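Listed below, chain by chain, are the residues.
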Amino acid sequence: MSVISFVSGKVRGRRPGSVGAEGAAPSQNKRAGAESEAIPGEGAKFRLRDVSLRYGNRPVLEGITMDIPERRITAVIGPSGCGKSSFLRCLNRMNDLVEGCRLEGLVLLDGEDIYAREYDVTALRRRVGMVFQRPNPFPKTVYENVAFGPRIFGIKDRETLDGIVELSLKRAALWEEVKDKLREPALALSGGQQQRLCIARVLAVEPEVILLDEPCSALDPIATQRIEDLLAELKENYTIVIVTHNMQQAARVSDYTAFFLIESQGEPGRLVEFGDTATIFTAPADPRTERYITGRFG
Amino acid sequence: MSSISREWLIKRILLVAAMVVVLGLAMVVYFMAKESLPAFREAGPANLFSATWSPRDGRYGMLVFLVGTLTTAAGGLLLGTPLALSLALFLTQVAPRRSRALFSRGVEILAGIPSIVLGWLGFTMLVPWIRKLSGSSGSGILAASIILAVMVIPTITAISKDALEAVPASYAQASLAVGATRWQTTWRVLLPAARPGILAAVILGLGRAVGETMAVAMVIGPASVFPTSLTTPTHTLTTKILMEMGESTGVQRSSLFAMGLVLLLLAMALVLLVRRVSGGPFKYGVVE
């Protein structure tokens, strides 16, 4: 199947009356996090309320309710097939590309329902950037990869583009390594450099959130280390959500951790526990979380 | 029969088959060269590549026909490529799954139409129609280009479609994920990434256009002079060979072989070009 067939899945948001008021008054929401899901002392960038996702007849996620705190790193962990990646793709509506995909519940970004009918998906994806499992630079030069987004949004001026490319590469901690190779093909870079290039490509459109889907799974330990260092710097300015298979990585880089689990084959993935990383890893509330992080399954 | 001798036998059979094919190809080239030798020796290259075809006066120039071949083929591509590419994009990006199969079958059937049928339609409908519109004879490069366009569309569509489908989905995802629209993704990521395959498709289409004889012969002319417009008669290399083959002897016959040799070399050059632009099997520099 050509995955990029633009036959969009029917992803429709439903806006239950009870929570509708929340979506309508974003300014009040920031501090109105009095619900149980809100994390004390943190502003929520994303609020998810009872989110369920199906691909055709197959339930993928069910009943996800959580707040993703702003300018923090939230790690999503769980065994294979528990819906971690699908969860991530709910946040920038990349699931729209999957045929037969349906989402129910509410996903609010800064209080706005991103699944509302009139919501501009391209604007959403600009605000919520995504880095994929395998480095996927375009078969273009290093420069053109980073300039891609800005060009899409109509920036033509050479100097402006040069500035954005340099700044983005610096933020992605790649500038020193590639400043003399800007006109060379991106695919000639090492895997770790390619992944940081992909991060630079996302940063170039000035996003607010960066989603990373197992960004280090194809990288060696040194390249992984560099990405993790980079994430720690980036959280100053960006809200980061990282899906990882690697629990040490979650423990090392994240402020908050969400543990997803699928009870048995055919069941949807559910959020078992969500809290600050130290607590999840030292004193989890749910026995299933403890079993998972101590390596007894998964 | 022991298994070892059977292995041996199978290897021998395959080897012989391969030799027959290679030998056959070599013999085609050899005979074309050998038969065209008298023309080169007696008329000389300057005469053969001049613009005058007049065997009675000892003039065997093929330039008119070479130009005819190149212009009709170029015209066919000019008309056919945009349509074929649009169709390939429609099939891979826009068409719902069900109608995709329907359109693909349609394109395949278009490829299966015998060229004589297209030529006949061209002769009975297209040429009179152009004649009415232009006030000229109607046959010529324009009519030939339109027929050739119909003939190259299936080739170019099918191969471009494969090239577009071979572009890793991760490219489009990356593009969409920074907020590009479908159209921007198609235009700035998909088409550039598929370019080697699309170029190969166009060159293969060109090969087909250059070699086509019958359909072109029915709408091109005939005339052995440069056309004065797109709607006046002329000839291509293939149609000229077709017209003259029955009643030529000596140097004139040999000069037809020389035309065939030129066509052969043209086709070989195109094949080499395909290999060059597409880098052998399609490569997109995917990181695995």
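A quick note: this is a predicted structure, and the numbers were derived from the prediction, not measured.

A. Spatial organisation of the overall build of chain A. Check the secondary structure of chain A and you find 12 helices and 10 strands. Scored against the burial criterion, the 298 residues of chain A give a buried share of 55%. For chain A, long-range pairs separated by at least 24 residues make up 69% of all intrachain contacts whose partners lie at least 6 apart in sequence. Working note: accessible area of chain A is about 12700 Å², and carbon and sulfur atoms make up 48% of it.

B. Highlighting the overall build of chain B. Within chain B, the secondary structure is distributed over 11 helices and 2 strands. Its C-alpha atoms put chain B at 70 × 70 × 35 Å along the principal axes. Sorting the 288 residues of chain B into buried and exposed places 44% on the buried side. The contacts of chain B with a sequence gap of at least 6 include a subset with a gap of at least 24, amounting to 72%. Accessible surface, chain B as shown: approximately 14900 Å² in total, 71% of it carbon and sulfur. If you average the places of the 23 positive and of the 11 negative side-chain charges in chain B, the two averages end up 8 Å apart.

C. Representation of the environment of V189 of chain B within the structure. Among the structural elements, V189 of chain B can be located in helix 8 (residues 182-211). V189 of chain B sits 57 residues away from K132 of chain B along the chain, and the two C-alpha atoms are 45 Å apart. Excluding anything up to four places from it in sequence, V189 of chain B contacts F138 and F148 of chain A together with Y171, S175 and Q184 of chain B.

D. Expanded view of the interface of chain A and chain B. Between chain A and chain B, the contact holds 35 residues from the first and 31 residues from the second. Of the roughly 2700 Å² buried where chain A meets chain B, counting both sides, 64% is carbon and sulfur surface. Put simply, chain A and chain B have 1 salt bridge between them. Here E99 of chain A ties to R97 of chain B by a salt bridge, and the two come within 3.0 Å at their closest N and O atoms. Where chain A meets chain B, there are 4 residue pairs in polar contact (both at pLDDT 80 or more). If you list the elements that add at least two residues to the side of chain A that touches chain B, you get helix 4 (121-127), strand 6 (128-131), helix 5 (142-152) and helix 8 (191-203) of chain A. At 4 residues, helix 5 of chain A tops the list of elements feeding residues into the side of chain A that touches chain B. Its residues assigned to classes, the side of chain A that touches chain B comprises 19 nonpolar, 8 polar and 8 charged.

E. Expanded view of the nonpolar core. Membership of the largest hydrophobic core comes to 45 residues, with the highest contact counts inside it found for L169, L197, I199, I210, L212, L234 and I240 of chain A. Residues L66, I156, I159 and I220 of chain B belong to the second largest nonpolar core, which totals 39 residues.

F. Seen up close, unusual backbone geometry. The amide bond that connects G221 of chain B to the next residue, P222 of chain B, takes the cis arrangement and shows omega of 0 degrees. Assignment of secondary structure puts P222 of chain B in the loop between helix 9 (214-220) and helix 10 (237-244).

G. Seen up close, the pattern of salt bridges. For the structure shown, the criterion picks out 29 salt bridges over all chains. In this structure, K235 of chain A and D255 of chain A form a salt bridge, with 2.9 Å as the shortest nitrogen-oxygen distance. With a gap of 20 residues between them, K235 of chain A in the loop between helix 9 (221-234) and strand 8 (239-243) and D255 of chain A in the loop between helix 10 (247-253) and strand 9 (256-262) connect regions that are remote in the sequence. Judged by its relative accessible area of 23%, K235 of chain A is partly exposed. The partner of E35 of chain B in a salt bridge is R253 of chain B, and the shortest N-O contact between them spans 3.6 Å. Placement of E35 of chain B in helix 1 (residues 3-43) and of R253 of chain B in helix 11 (residues 250-278) is noted, with a sequence separation of 218 residues between them. Residue E35 of chain B is classed as partly exposed on the basis of its relative accessible area of 23%. Classification of R253 of chain B as partly exposed rests on a relative accessible area of 39%. Connected through salt bridges with shared partners, the residues K45, E70, D110, E112, R127 and E208 of chain A form a single ionic network.

H. Highlighting the packing of helix 6 (residues 141-166) of chain B against helix 8 of chain B. Residue and element names in this part refer to chain B. Direction vectors running N to C along helix 6 and helix 8 enclose 150 degrees, while the axes themselves pass 8 Å from each other. The angle between helix 6 and helix 8 places the two elements in the roughly antiparallel class. Classified by chirality, the crossing of helix 8 by helix 6 is right-handed. Contacts between helix 6 and helix 8 involve L148, M151, V152, T155, I156, I159, S160, A163 and L164 from the former and L190, L191, A194, G197, I198, A201, V202, L204, G205, R208 and A209 from the latter.

I. Region of interest: the packing of aromatic side chains. Scanning the entire structure with this criterion turns up 10 aromatic pairs over all chains. Centre to centre, the rings of F87 of chain A and F260 of chain A are 4.9 Å apart; their planes meet at 50 degrees, and the pair counts as tilted. With F87 of chain A in helix 3 (residues 84-90) and F260 of chain A in strand 9, this pair connects stretches of sequence that are 173 residues apart. Each member of the pair, F87 of chain A as well as F260 of chain A, carries the same accessibility label: buried. Arranged with centres 5.4 Å apart and planes meeting at 20 degrees, the rings of W183 of chain B and W187 of chain B form a pair that is stacked.

J. Spotlight on the side chain of S255 of chain B. The residue S255 of chain B is located in helix 11 in this model. Every residue in contact with S255 of chain B, bar those within four places of it in the chain, is listed here: A39, L48, W53 and Y60 of chain B.

K. A look at the packing of helix 3 (residues 63-94) of chain B against helix 4 (residues 97-112) of chain B. Residue and element names in this part refer to chain B. With their axes 9 Å apart at the nearest point, helix 3 and helix 4 run at an angle of 150 degrees to one another. Taken together, helix 3 and helix 4 sit at an angle that is classed as roughly antiparallel. In this structure, the crossing between helix 3 and helix 4 has a hand that is left-handed. For the pair helix 3 and helix 4, the contacting residues are L87, F90, L91 and T92 in the first and R100, F103, S104 and V107 in the second. Residue composition of the contact of helix 3 with helix 4, by class: 5 nonpolar, 2 polar and 1 charged.

L. Structural detail: the confidence of the model for chain B. Residues and elements named next belong to chain B. For chain B, per-residue confidence averages 89 on the pLDDT scale, and residues scoring 70 or more make up 96% of the total. Within chain B, the lowest mean pLDDT, 86, falls on helix 4, and the highest, 94, falls on helix 6. In this model residues 280-288 is a low-confidence stretch, pLDDT under 50, and it forms 22 contacts with partners more than four residues away in sequence or in other chains.

Rules and cut-offs
Residues numbered from 1 in each chain as written. Chains lettered and ligands numbered in written order. Predicted model: local features only at pLDDT ≥ 70, side-chain atom pairs only at ≥ 80, totals over all residues. Heavy atoms only, no water. Helix = DSSP H or I, 4+ residues; strand = E, 2+ residues; numbered from the N terminus. Buried < 20%, exposed > 50% of the residue type's maximum accessible area, 1.4 Å probe, protein only. Contact = heavy atoms within 4.5 Å. Areas by Shrake-Rupley, 256 points an atom, 1.4 Å probe, with all protein chains shown as cover. Lys, Arg positive; Asp, Glu negative; His and termini not counted. Charge placed at Lys NZ, Arg CZ, Asp CG, Glu CD. Buried area = accessible area lost by both parts, 1.4 Å probe. Salt bridge = Lys/Arg side-chain N within 4 Å of Asp/Glu carboxyl O. Polar contact = N/O pair within 3.5 Å; in protein donor to acceptor, adjacent residues only side chain to side chain. Nonpolar A, V, L, I, M, F, W, Y, C, P; charged D, E, K, R; others polar. Core = buried A, V, L, I, M, F, W, Y, C linked by side-chain atoms within 4.5 Å. Axes fitted to C-alpha atoms, helices over the stretch in contact; angles between N-to-C directions. Parallel < 35°, antiparallel > 145°, perpendicular 65-115°, else oblique. Left-handed = near helix turned anticlockwise from the far one by under 90°. Phe/Tyr/Trp six-rings, centres within 6.5 Å; stacked < 30°, edge-to-face > 60°. pLDDT = per-residue confidence, 0-100.

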